Amino acid sequence: MKRRNFLKSVLLAPVPLLAGGPAPRTQPIRIKVAGIVARWVKDSDDYREVNFRRVETLIREAAAAGAQVACTSECFLDGYYREVTDQRADLTDMAERCEVIETSSYVKRLSTLAKELQITIVAGMAIREGERLSNTAQLYTPEGQLAGLYRKTHNFGRHSAWFASQSALERSRSFPSFDLGLGVGRAGLMICNDRNFEHTSFELARNGSQVVFCPTGGGYDFTRLAEYCSRVGLWSVWVHPLGAAIVDWRGRTVVHRNNPLDPDSLAVPAAEIDSPD
């Protein structure tokens, strides 16, 4: 057991069991994943800068300890001020806390950080696209590229309005998988309440994901995430402001750290384990 610098997991690549997915391999592939557990700052005048610097410090610690992927909580930058999905862009107090991808200095800084540290970063961030506000998870590669983003599809126990209005094909395309930029592995992204809907894990697996990253900010419970991901052979990484967990493709918790009395920290690692056959 090593000191708490990163979450270490062993990924079987590829893992998806659904028809149409890539052919399984028998050799395990090990990657180190850091859960960036940091309290939100919401009310400070410089809340963006405060939140970014705290998370940046932890990502640097993770990279120094050998982590290849670092994942933040949901909406780490604005402090999850409010749920922005399905809200109007003319609601100034919400819109002004959302980043515009093309012009955001923090998007640029995340890209620069990923390239500098040669690490993949999964970051939860509220964004504005014209008149649309979205709660997103973004994946930055070690080359410093924003590979893409996922928009939250479920809020308050139901489909988001934008998602509910789509066709079945459009819904499936709302769950992309991304190359981790590590020479191996594809990741799917979901956010918080998405974990409570089985079809989220199903679509991510069908679209080629092998591991799911789930930035979270609501209830402290990853039971359904573990259950639904294991049904389709996916590993899952869950990160919350109060803790983080990794669950293997069989639904077994590999590591879980929860201590709300601690200062900002990286989740405690587990001893390295062997992948099941």
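Summarised in this report is the structure supplied together with it.

### A few points about the overall build of the chain
Assigned secondary structure in the chain consists of seven helices and 15 strands. Counting only residues that meet the buried cut, the chain has 56% of its 277 residues in that class. For the chain, restricting intrachain contacts to residue pairs at least 6 apart in sequence, the fraction spanning at least 24 positions comes to 65%. Surface accessibility of the chain: about 11600 Å² in total, with carbon and sulfur atoms responsible for 49%.

### Looking at helix α1 (residues 47–64)
For α1, built from 18 residues, the straight-helix expectation of 26 Å at 1.5 Å per residue is met to within 8% by its first-to-last C-alpha distance of 26 Å. Within α1 the residues assigned to the buried category are Tyr47, Glu49, Asn51, Phe52, Val55, Glu56, Leu58, Ile59 and Ala62. Looking one or two residues beyond α1, the residue adopting positive phi is Gly66, at roughly 105°.

### Description of the packing of aromatic side chains
All chains considered together, the criterion is met by five aromatic pairs. Arranged with centres 5.5 Å apart and planes meeting at 80°, the rings of Trp40 and Tyr80 form a pair that is edge-to-face. Highlighted residues: Trp40 in the loop between β2 (28–37) and α1 and Tyr80 in the loop between β3 (69–71) and α2 (92–95), separated in sequence by 40 residues. On the accessibility criterion, Tyr80 (15% relative accessible area) is buried. Here Tyr220 and Trp238 contribute two aromatic rings whose centre-to-centre distance is 4.8 Å and whose plane-to-plane angle is 85°, an arrangement assigned as edge-to-face. Pair noted here: Tyr220 is in the loop between β11 (211–215) and α7 (223–231) and Trp238 is in strand β12 (residues 235–240), with a separation of 18 residues, a long-range link. Classification of Tyr220 as partly exposed rests on a relative accessible area of 28%. An aromatic cluster of at least three residues, connected via ring pairs, comprises Tyr220, Phe222 and Trp238. Here the guanidinium or amino end of Arg97 rests over the ring plane of Tyr47, the centre of that ring lying 3.9 Å away.

### Some details on helix α6 (residues 198–206)
Those residues of α6 lying buried are Thr200, Ser201, Glu203, Leu204 and Ala205. Tucked inside the fold, the buried residues of α6 contact β7 (154–155), α5 (168–173), β10 (186–189), β11 and α7.

### Observations regarding the pattern of salt bridges
Going through the model one piece at a time under the given rule, you end up with twelve salt bridges. Between Glu116 and Arg60 there is a salt bridge, and its shortest N-O distance comes to 2.8 Å. One end of the pair, Glu116, is in helix α3 (residues 105–117); the other, Arg60, is in helix α1, and 56 residues separate them in sequence. On the basis of relative accessible area, Glu116 is assigned to the partly exposed category, the value being 47%. Between Glu129 and Arg151 there is a salt bridge whose closest N-O contact spans 2.6 Å. Separated by 22 residues along the polypeptide, Glu129 in strand β4 (residues 120–129) and Arg151 in strand β6 (residues 146–151) bring together distant segments of the chain.

### Observations regarding the environment of Leu225
Relative to the helices and strands, Leu225 is located in helix α7. On the accessibility criterion, Leu225 (1% relative accessible area) is buried. As for Leu225 and Asn193, which are separated by 32 residues in sequence, their C-alpha atoms are 9.6 Å apart. Residues within four places of Leu225 in sequence aside, it is in contact with Met190, Arg195, Cys214, Ser236 and Trp238.

### What about the sheet that holds strand β14 (residues 253–258)?
Strand order in the open sheet formed by six strands is β9-β10-β11-β12-β13-β14, with mixed pairing between adjacent strands. The sheet is open, and its two borders are formed by β9 (177–179) and β14, each paired with just one other strand. This sheet shows a mean twist of 20° between the axes of neighbouring strands, independent of strand direction.

### Some words on the nonpolar core
The biggest cluster of nonpolar side chains holds 41 residues, and the ones touching the most others in it are Leu180, Leu189 and Phe213. In this structure Phe213 touches Val33, Val69, Cys71, Val122, Leu180, Ala187, Gly188, Leu189, Met190 and Val237, once residues within four positions along its chain are discounted. With 25 residues, the next largest nonpolar core counts Ala70, Leu77, Ile101 and Leu113 among its residues.

Reading the values: rules and limits
- Residues numbered from 1 in each chain as written.
- Predicted model: local features only at pLDDT ≥ 70, side-chain atom pairs only at ≥ 80, totals over all residues.
- Heavy atoms only, no water.
- Helix = DSSP H or I, 4+ residues; strand = E, 2+ residues; numbered from the N terminus.
- Buried < 20%, exposed > 50% of the residue type's maximum accessible area, 1.4 Å probe, protein only.
- Contact = heavy atoms within 4.5 Å.
- Areas by Shrake-Rupley, 256 points an atom, 1.4 Å probe, with all protein chains shown as cover.
- Expected span 1.5 Å × (residues − 1).
- Phe/Tyr/Trp six-rings, centres within 6.5 Å; stacked < 30°, edge-to-face > 60°.
- Lys NZ or Arg CZ within 6 Å of the ring centre and 35° of its normal.
- Salt bridge = Lys/Arg side-chain N within 4 Å of Asp/Glu carboxyl O.
- Pairing = 2+ DSSP bridges.
- Axes fitted to C-alpha atoms, helices over the stretch in contact; angles between N-to-C directions.
- Core = buried A, V, L, I, M, F, W, Y, C linked by side-chain atoms within 4.5 Å.

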